[in-house]
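Descriptive analysis of the structure
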Protein chains: 2
Amino acid sequence: MSEKPGSPFSRRAVITTFAATAGAAAAAGGALAAGGRDTAPARPSGTERRTEPFHGTHQAGIATPQQRYAIFAAFDLETTDPRKGKRLTTEQAAANFQRLVQGWSAAAERLTQGRSPGPMPFARTEVPADSGIADGLEPARLTVTFGLGPDLFERIGRERDRPRRLSPLPSFGKDRLEAAWSGGEMLVQVCGDDLQTVSRAFRTMRSRAPGVARLRWSQQGFLGMFGDSTPRNLFGHKDGTANPRPGTPEFDDAVWAAADEPAWFSGGTYLVFRKIRMDLPKWDTSTARTQDQTIGRRRYDGAPLSGGHEFTTPDLRKTGPDGKPLIPADSHVALVRDVPMLRRSYNYDYGFQALAEPISAEHDHAEGADHDHGEDMPEHSGGGHSSYDSGVLFCAYVRDPAEFVRLQRKLDESDRLNAFIQHTGSAVFAVPPGVRPGGHVASALFTARSHLLAARARPRHG
Amino acid sequence: MSEKPGSPFSRRAVITTFAATAGAAAAAGGALAAGGRDTAPARPSGTERRTEPFHGTHQAGIATPQQRYAIFAAFDLETTDPRKGKRLTTEQAAANFQRLVQGWSAAAERLTQGRSPGPMPFARTEVPADSGIADGLEPARLTVTFGLGPDLFERIGRERDRPRRLSPLPSFGKDRLEAAWSGGEMLVQVCGDDLQTVSRAFRTMRSRAPGVARLRWSQQGFLGMFGDSTPRNLFGHKDGTANPRPGTPEFDDAVWAAADEPAWFSGGTYLVFRKIRMDLPKWDTSTARTQDQTIGRRRYDGAPLSGGHEFTTPDLRKTGPDGKPLIPADSHVALVRDVPMLRRSYNYDYGFQALAEPISAEHDHAEGADHDHGEDMPEHSGGGHSSYDSGVLFCAYVRDPAEFVRLQRKLDESDRLNAFIQHTGSAVFAVPPGVRPGGHVASALFTARSHLLAARARPRHG
C-alpha cells in the first residue's frame, strides 16, 4: 500500500499487466531467476488465491480447514495513559479496548479479503499505513481470530458479562511455565497458507496497539502440506485424527458455546493454548516400539495399536500374546480418548533459545522410555543442546475449558509422553462469536452492556 | 494426539470420496473439515511435487530458483573423542569430517529426490532412521547445500587445500555480533517450498552429527509466494532486483570460483551469511519519503528514485528540482551498486528473544531518519519491545568474499539504512562444487590429497 508520488500507473493496472505478460517479460530478460534451469519459482496456485469470509456466526480460523502457518500473539491493555502517565480508569480502559477491537476488526476484514489494511490510528498521514511486505501477494486463506483472556473483563468493568467458563487454567504438577509465554488479556491468532501474508497481518495488528495495548508474547507455527491427510507433529505422529468434523452435531457440541452462556457470547468458544516443548533428540533415539507404545498408535499410518486403520476406534481391552493390553493404559491415546475438542495445533521450531530452561531429566519416569541411549549419542546425553526449542503449539477449541483441565490432570499424572515433553507456556481465552457486517469483534458485549445501562437509567413504570 | 471413539468411515474411503466428489461429500458431511465452508485444505500443487537434482557441476540451492523456506545450520567438529575424552588428532578429525559429509551427502541425495534418508550411523537398529514428520509429503524442491568454514581446513590438516579467498570476515564498526549466531566450521543450508520437509531434512542432518560434530547455531527464514516477482523483505522493499540471472556470463563471473582456486574447488563458490536485525517499529513510523530515500528506490514498484521501472539502472547523477540527486549518495542503492553477487536472502521473524540485545539508538544518525515519532508511539519509544527479533538472513553467493567486505566497509560507514538495522550474526563459508554420482560433498578434496600423498610416497625417477 505504500503510496508514492507520481505513479504513471494505477496499482491495479500494473498488477494486471504483469500477470498477463509474465512470459513476455521473462523472455525479454526482465524477470528474476529465469535462466538456466527448467524449474521456476513457486507461483500462487488456486489455493493461495482463496479467501476466507470474515463475517459470520462464528469467527473464522476455528472451523476453517487448518492453514499451514500461524502466529499467535497475546496483548495486554495499557494500565496508564502513555501521554500523562496517569492510571486509566475502568471506563477509559473499556473505551481503549473497544477502540482497539474496532481497529483490529476493520483491518482484519480488509486484509482477509485481500485489501490494504486501511488507515492507521495515531500516525501522521505521511507514515505508510501498511508495511508493504505483502504487496502483490494473495490472501492465501488468511484468517484473524480474536480471543479475550480471563483478566480482561474485570479490567474493563465487564465482570458480569464474562463467559461462565472463563477462568485461568490451574497449574499442573509437571508444568514448567515461562511467564514470558503465558497468559494475556487478548489473543490474536493469525493463520494462512503464506507465512509472509501471515507475518504482515500480525504486524498490522501490532501496529494498531501502541498507546492502547502492548504485545505480551508471540509464537509462530507451521504444518506441512499434508493436503487431505492428518498433519504430523514433530514426533512424526499424526495429530488431530480424532477431531470432530465441522458441521456435525459432534463438532457443535464440542466447540460452540453452551446455551447457559451470556447472550452476547452465543456462537463463541474457548481456546486453550499450550506451548509444549518436545525433546526431539531423546525421541529420535528411542526405539520405534517405545515411540509407538508411548502414543498408543503406529507412527506409520496412525492406526491404534489394537489394530485397524487411522480412524478405527482404539480397543483398550484388546490384549497381545503376553496378555497385556496392546494399547498401554498410560499411553497418550488411552488417556485422551473421549475428550471432545477441536485440536488445531501447529508445530514450532525456534532453534536455540536462551530463555528456555533445559528439559530436565527428573520427570523422565515413563515406563516405556529408553534410558540407554547415552553412550552413542554424546550430544544428546551430555551436550549443551537441551536449550533447543521445538515442539507443538497445542490449540484446542472447546465448549468448556474444564474438559481440558480434567484431561490435563490425568495426562500430567501418568502420560508416558511426559518423558518427552514439557509444557512451557499456557493461556486460555474466550473467543467471541463472529462479526456481523458493520460490527466488530465482541461488539455484542458493548451492545448488551449499553442495553443494561439504558435499562437501569430508565425509570421503571412496572 | 487426542482420541475419540467410533468413526464409521475408513480414512482412505473418505479421502477418495473427497477428491472425486468434493461437493457431494461435503453435502453428505463425509469429508474432513468439509462442513459449512466452500474451502478445502491446501493440496500439493505441481510446484510442491517438483524435485531439484542433487548431482551436478555446482551444488543445488545456489542457482536454483529461490525456494520459500530455509534453515541454515552451522556445525563444528568435535575436538575430543566423546567415548574416551581424548583430544582428537588431525587425522582423526579429517576422518570424522569425511565420514560426516559422506553421511550428509547420502542423506541429502535421498531426501531431495523424495526418498527416505537411509540408515542412521551410530544408532541401534530398532531406532527409526527417520523422524517420520514428512511422511506423505513431497520434496517440494528441497535442496541441501554444504559449506566449509575458515577454521575447518587447519582442523583437518588441509591448510594447503584451503580455497584462496576463504578467511574470516573482518569486524565492522557497527557490528553487534553474537557469538551464538556467528562462525562455524561447516554450514548446512536447507531450502524448500514446504517448511515441514525443510525441518525434517535439517533434523536428519543434525541426527547424523552426534559423536562427530555439534550444532553451533541455526536460523530459519521465509519468503512470501511472490511467484515471478522479486521477493520483498520486511521493510516492504524488493530484495534481489539486481541479481545476475543464472546461466549468463554475469552470473558465472559473479558467483563461481575463479580459475586460480585449488582444482578440487572448481565449480565452487563462497557464501557470506549475515543475520541482520531490522527495527520494524522505527521503520514503520518513518514517512514513506524517508523509507524510499533510505533505500533509494520506491517501495511500491522497486523503481530507482531516478525513474523508470524496477530493472532500470539507477542514475546517480540525475537531480531533482532542488538540484540534489534524486537518489541520495548515502542511500542503500547508491552504495551497493556495481558489486556483483547473487543475493539469496530470507526474512526471519522470531518474536521476542532474550539473547538479543536491544537495538540501541546510538547509531541512529542517518540524515533522513525520523526522530519525532516518540510521542504518539509510546510502545516504540519507551516500551520493552526492542528485543523483538526480526529482519533478514542476508545470504550472498560470491566469487570473492573480499567484494562483500569492500562493500560492507562502505555501508558500515555511510549507509542510511544503518539507522534501521544491525548486524548481529556473521559467517563465511567456501561452498564446494557439486557432487558427482558415487561421490560426496568435497570428495575431490580427499582425492586431491590422496594424489598428493601418493605422489609424495612414490620415489621420484625424474
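All of these numbers come straight from a predicted model, not from anything done at the bench. Sequence positions are assigned chain by chain, starting from 1 and proceeding in written order. Numbering of ligands from 1 and lettering of chains from A proceed in the order in which they are written. With pLDDT at 70 or above as the cut-off, local features in this predicted model cover only qualifying residues; side-chain atom pairs require 80 or more to be listed or tallied, and sums for whole chains, interfaces and linings still use all residues. Computation of side-chain values covers all heavy atoms of the structure but excludes hydrogens and water.

**Let's talk about the overall build of chain A**
Starting at the N terminus, helices and strands are each numbered in turn, a helix being any DSSP run of H or I of at least four residues and a strand any DSSP run of E of at least two. Looking only at helices and strands, chain A features 13 helices and nine strands. Each residue is assigned to one of three classes by its accessible area relative to the maximum for its type, calculated with a 1.4 Å probe on protein chains only: buried under 20%, partly exposed between the two thresholds, exposed over 50%. Here chain A, with 462 residues, has 60% of them falling under the buried criterion. In this analysis, two residues are considered to be in contact whenever any of their non-hydrogen atoms come within 4.5 Å of each other. Across chain A, contacts joining residues at least 24 apart in sequence account for 84% of those joining residues at least 6 apart. To measure how exposed things are, a 1.4 Å probe is used in the Shrake-Rupley method; for residues, cover is taken only from the protein chains shown. Split by element, the accessible area of chain A, about 17800 Å² in all, is 51% carbon and sulfur.

**A word on the side chain of T143(A)**
Residue and element names in this part refer to chain A. Within the secondary structure layout, T143 lies in strand 2 (residues 143-148). Overall, T143 belongs to the buried group, its relative accessible area being 1%. Polar contacts here mean pairs of N or O atoms no more than 3.5 Å apart (in protein, one a potential hydrogen donor and the other a potential acceptor; neighbouring residues in sequence count only if both atoms are side-chain atoms). A polar contact is formed between the side chain of T143 and the side chain of Q67, at a distance of 3.1 Å. Filtering out sequence-adjacent residues up to four positions away, T143 remains in contact with E52, A60, G61, T64, Q67, T112, Q189, V190 and C191.

**Some thoughts on unusual backbone geometry**
One non-glycine residue, A442(A), lies in the positive phi region at around 65°. Relative to the elements of secondary structure, A442(A) occurs in the loop between strand 9 (421-431) and helix 13 (443-457). Positive phi, close to 55°, is recorded for A140(B), a residue that is not glycine. Tracing the chain through its elements places A140(B) in the loop between helix 4 (90-112) and strand 2 (143-148).

**So, the pattern of salt bridges**
Residues and elements named next belong to chain A. Salt bridges are identified by distance alone: a Lys or Arg side-chain nitrogen within 4 Å of an Asp or Glu carboxyl oxygen. All chains considered together, the criterion is met by 42 salt bridges over all chains. The closest approach of N and O atoms between D260 and R164, which form a salt bridge, is 3.9 Å. In this pair, D260 is assigned in the loop between helix 7 (249-255) and strand 5 (269-278) and R164 in the loop between helix 5 (152-155) and strand 3 (186-192), connecting sequence segments 96 residues apart. We classify D260 as partly exposed; its relative accessible area is 35%.

**Structural notes on a positive patch on the surface**
All names here are of chain A. A contiguous patch of positive charge on the surface is contributed by R83, K84, K86 and R99. Relative to the helices and strands, K86 is located in the loop between strand 1 (69-77) and helix 4 (90-112). K86 gets classed as exposed once you look at its relative accessible area, which sits at 57%. Patch construction takes residues with relative accessible area above 30% that form no salt bridge. Like charges are linked within 9 Å, and nonpolar side chains (Val, Leu, Ile, Met, Phe, Trp, Tyr) are linked within 5 Å. Counted as positive: Lys and Arg. Counted as negative: Asp and Glu. His and the chain ends are not counted at all. To locate a charge, take atom NZ for lysine, CZ for arginine, CG for aspartate or CD for glutamate.

**Quick word on the packing of aromatic side chains**
Residues and elements named next belong to chain B. Pairing of aromatic rings covers Phe, Tyr and Trp, the last counted by its six-membered ring, and requires centre-to-centre distances within 6.5 Å; plane angles under 30 degrees mean stacked, over 60 mean edge-to-face, and any other angle means tilted. The final tally for this structure, using the stated rule, is 33 aromatic pairs over all chains. Relative to F404, the ring of F172 has its centre 6.5 Å away and its plane inclined at 85°; by these criteria the two rings are edge-to-face. With a gap of 232 residues between them, F172 in the loop between helix 5 (152-155) and strand 3 (186-192) and F404 in helix 12 (residues 401-414) connect regions that are remote in the sequence. Across this residue pair, the class does not change: F172 and F404 are buried. The criterion is that NZ of a Lys, or CZ of an Arg, lies within 6 Å of the ring centre and within 35 degrees of the ring normal, and then a charge sits over that ring. The positively charged end of K282 is found above the aromatic ring belonging to F420, 5.3 Å away from the centroid.

**Some words on the environment of I295(A)**
All names here are of chain A. Considering the arrangement of structural elements, one finds I295 in helix 9 (residues 288-295). On the basis of relative accessible area, I295 is assigned to the buried category, the value being 3%. Remark: the alpha-carbon pair of I295 and I327, spanning 32 residues in sequence, is separated by 8.7 Å.

**A closer look at the nonpolar core**
Counting residues in hydrophobic clusters, the biggest one holds 149 residues, and the most contacted among them are F97(A), M186(A), F97(B) and M186(B). An automatic or database domain assignment supplies the start and end points of every domain. In terms of domain composition, this core takes at least three residues from each of domain 2 (62-149 + 184-222 + 437-453) and domain 3 (276-431) of chain B. With residues near it in sequence (within four places) discarded, F97(B) still touches L77(B), L148(B), L152(B), I156(B), M186(B), L445(B) and F446(B). Note on terminology: a nonpolar core comprises buried Ala, Val, Leu, Ile, Met, Phe, Trp, Tyr and Cys residues joined through side-chain atoms within 4.5 Å.

**Describing the environment of T319(B)**
Residues and elements named next belong to chain B. Considering the arrangement of structural elements, one finds T319 in the loop between helix 9 (288-295) and helix 10 (332-336). A relative accessible area of 43% places T319 in the partly exposed class. Put simply, T319 and A263 are 56 residues apart on the chain and 49 Å apart in space, counted from C-alpha to C-alpha. In contact with T319, other than residues within four places in its own chain, are K324, P325 and L326.

**Here we look at the confidence of the model for chain A**
Residues and elements named next belong to chain A. How sure the predictor is of each residue is captured by pLDDT, a score from 0 to 100. In the predicted model, chain A carries a mean pLDDT of 81, and the fraction of residues at 70 or more is 77%. In the predicted structure, residues 354-385 sits below a pLDDT of 50 and forms 79 contacts with residues beyond four places in sequence or in another chain. Here residues 454-462 is a poorly scored stretch, pLDDT under 50, and it has one contact once near neighbours within four places are set aside; other chains count. Across the interface, the model reports ipTM at 0.77; the global pTM reads 0.81.

**Describing helix 12 (residues 401-414) of chain A**
Residue and element names in this part refer to chain A. Working rule for helices: expected span equals 1.5 Å times residues minus one. Taking 1.5 Å of rise per residue, the 14 residues of helix 12 would be expected to cover 20 Å, and the 20 Å separating its terminal C-alpha atoms lies within 8% of that figure. Taken together, the buried positions of helix 12 are P401, F404, V405, L407, Q408, L411 and D412. Regarding helix 12, its N-cap is D400, as a side-chain oxygen of that residue lies 2.9 Å from the backbone nitrogen of A402 further along.

**Considerations on the pairing of strand 1 (residues 69-77) of chain B**
Residues and elements named next belong to chain B. Most of strand 1 is tucked away, with nine of its nine residues classed as buried. In strand 1, alternate side chains face the same way, and those of Y69, I71, A73, F75 and L77 on one face and A70, F72, A74 and D76 on the other are all buried. Only strands joined by at least two bridges in the DSSP assignment are considered to pair. In this structure, strand 1 lies alongside strand 3, joined through seven bridges in antiparallel fashion. Note on strand 3: the bridge partner recorded for F72 is Q189. Strand direction decides the pairing type here: strand 1 and strand 4 (residues 213-222), joined by nine bridges, are antiparallel. Looking at the pairing, Y69 lines up with F222 of strand 4.

**A short note on the packing of helix 4 of chain A against helix 6 (residues 195-207) of chain A**
Residue and element names in this part refer to chain A. For the pair helix 4 and helix 6, interaxial distance at closest approach is 10 Å and the crossing angle is 160°. By the angle between their axes, helix 4 is roughly antiparallel relative to helix 6. Helix 4 and helix 6 meet at a crossing whose hand is right-handed. In contact with W104, A107, A108 and L111 of helix 4, helix 6 contributes R200, A201, T204 and M205. When residue character is reported, Ala, Val, Leu, Ile, Met, Phe, Trp, Tyr, Cys and Pro are called nonpolar, Asp, Glu, Lys and Arg charged, and the others, Gly included, polar. Its residues placed into classes, the contact of helix 4 with helix 6 shows six nonpolar, one polar and one charged. Angles run from 0 to 180 degrees between N-to-C directions of axes, and those axes are lines fitted to C-alpha atoms, restricted for helices to the stretch in contact. Geometric relationships in this document are graded by angle, where less than 35 degrees denotes roughly parallel, more than 145 denotes roughly antiparallel, 65 to 115 denotes roughly perpendicular, and other angles denote oblique. Note: crossing handedness is left-handed where the near helix turns anticlockwise from the far helix by less than a right angle, and right-handed where it turns clockwise.

**Overview of the pairing of strand 8 (residues 388-398) of chain A**
Residues and elements named next belong to chain A. The element strand 8 is largely enclosed, with a buried count of eleven among its eleven residues. The pairing of strand 5 with strand 8 spans eight bridges and is antiparallel. Its bridge partner lying in strand 8, R274 is registered against F394. Bridge analysis of strand 6 (residues 342-343) against strand 8 gives two bridges, and the strand direction is antiparallel. Its bridge partner being in strand 8, L342 is matched across the sheet by Y397.

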